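Here is what each chain is made of, one letter per residue.
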Amino acid sequence: MTEAGQGPEATFRAFLKEGRFMIQRSASTGRHVFYPRVSLPGTGERDLEWVPASGLGTVYATTVARQRPNPDGSSNDYNIAIVELDEGVRMMSRVEGVPPTEVKIGQRVKARIAEVDGAPGIVFDPV
């Protein structure tokens, strides 16, 4: 369980460690927000609560990060994607399970928790 008194980003990361993808929603407006914060952008409302994310979304934008080939000629290229979750918020991540050049704007994806740079993070797989 998350600890009381920690900031919104630490709470988000604690949920990921528990295996839960949670985002914030304003209790008064029903509007979801991401990246974790202490108040609702535009209104300053501080009634944000944590709710489970559906995990479903659509690729809003994507690019391929090219890297030098390995000595054996294989590639370490990867994609960077902005995904708009069905809740209406956007987040930067990557889409796995397909070659980086095959990730397309408008593609439906589903989130999963995976190790990213040594810590739990959100990545997406094609639906």
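What counts and how
Residues numbered from 1 in each chain as written. Predicted model: local features only at pLDDT ≥ 70, side-chain atom pairs only at ≥ 80, totals over all residues. Heavy atoms only, no water. Helix = DSSP H or I, 4+ residues; strand = E, 2+ residues; numbered from the N terminus. Buried < 20%, exposed > 50% of the residue type's maximum accessible area, 1.4 Å probe, protein only. Polar contact = N/O pair within 3.5 Å; in protein donor to acceptor, adjacent residues only side chain to side chain. Contact = heavy atoms within 4.5 Å. Core = buried A, V, L, I, M, F, W, Y, C linked by side-chain atoms within 4.5 Å. Pairing = 2+ DSSP bridges. Axes fitted to C-alpha atoms, helices over the stretch in contact; angles between N-to-C directions. 1 Å grid on protein atoms, 1.4 Å probe; cavity = no way out; pocket = protein on both sides within 12 Å on 5 of 7 lines; lining within 4 Å. Points joined across faces, edges and corners; volume = space filled by probe spheres on them. Nonpolar A, V, L, I, M, F, W, Y, C, P; charged D, E, K, R; others polar.

### Observations concerning the side chain of Gln24
So, point 1. Note on placement: Gln24 falls in strand S1 (residues 22-26).
So, point 2. The exposure class of Gln24 is buried, given its relative accessible area of 4%.
So, point 3. Within polar-contact distance, the side chain of Gln24 engages the backbone nitrogen of Arg37 at 2.8 Å.
So, point 4. Excluding its chain neighbours within four sequence positions, the residues that come into contact with Gln24 are Pro8, Arg31, His32, Val33, Tyr35, Pro36, Arg37, Leu48, Glu49 and Trp50.

### Overview of the nonpolar core
So, point 1. Counting 19 residues, the largest nonpolar core has Phe21, Ile23, Leu85, Met91, Val95, Ile122 and Phe124 as its most contacted members.
So, point 2. Listing elements by their share of this core, those giving two or more residues are helix H1 (8-17), strand S5 (78-85), strand S7 (108-116) and strand S8 (119-126).
So, point 3. Counting residues per element, this core draws most heavily on S5, at three residues.
So, point 4. The contact partners of Ile122, leaving out residues within four places of it in the chain, are Phe12, Leu16, Phe21, Met91, Ser93, Ala111, Arg112 and Ile113.

### Some thoughts on the sheet that holds strand S6 (residues 90-93)
Within a sheet, each strand pairs with its neighbour through backbone hydrogen bonds, oriented either parallel or antiparallel.
So, point 1. Overall, antiparallel pairing links the five strands, which are arranged S6-S5-S4-S7-S8 in an open sheet. Only two strands of the sheet have a single neighbouring strand rather than two, namely S6 and S8. Averaged over all adjacent pairs, the angle separating strand axes in this sheet is 35 degrees, with direction ignored.
So, point 2. With eight bridges joining them, strand S4 (residues 56-65) and S5 adopt antiparallel strand pairing.

### Let's talk about the environment of Lys17
So, point 1. Along the polypeptide, Lys17 turns up in helix H1.
So, point 2. Residue Lys17 is classed as exposed on the basis of its relative accessible area of 67%.
So, point 3. Sequence spacing of Lys17 and Pro52 is 35 residues, and the spatial spacing of their C-alpha atoms is 14 Å.

### Observations concerning the pairing of S6
So, point 1. Side chains Met91 and Ser93 of S6 all project onto a buried face; the interleaved residues Arg90 and Met92 project onto a face where none is buried.
So, point 2. Counting the residues that bridge the hairpin from S5 to S6 gives four residues, and of these Gly88 lies at a positive phi of roughly 100 degrees.

### Let's talk about the layout of surface pockets
So, point 1. Estimated volume of the largest pocket: approximately 410 Å³.
So, point 2. Met92, Ser93, Arg94, Val116 and Ile122 are, among the 19 residues lining the largest pocket, the residues nearest its centre.
So, point 3. Going through the elements one at a time, H1, S5, S6 and S8 are the ones with two or more residues in the lining of the largest pocket.
So, point 4. Ranked by residue count, the leading element in the lining of the largest pocket is S8, at five residues.
So, point 5. In terms of residue class, the lining of the largest pocket is made up of 13 nonpolar, three polar and three charged.

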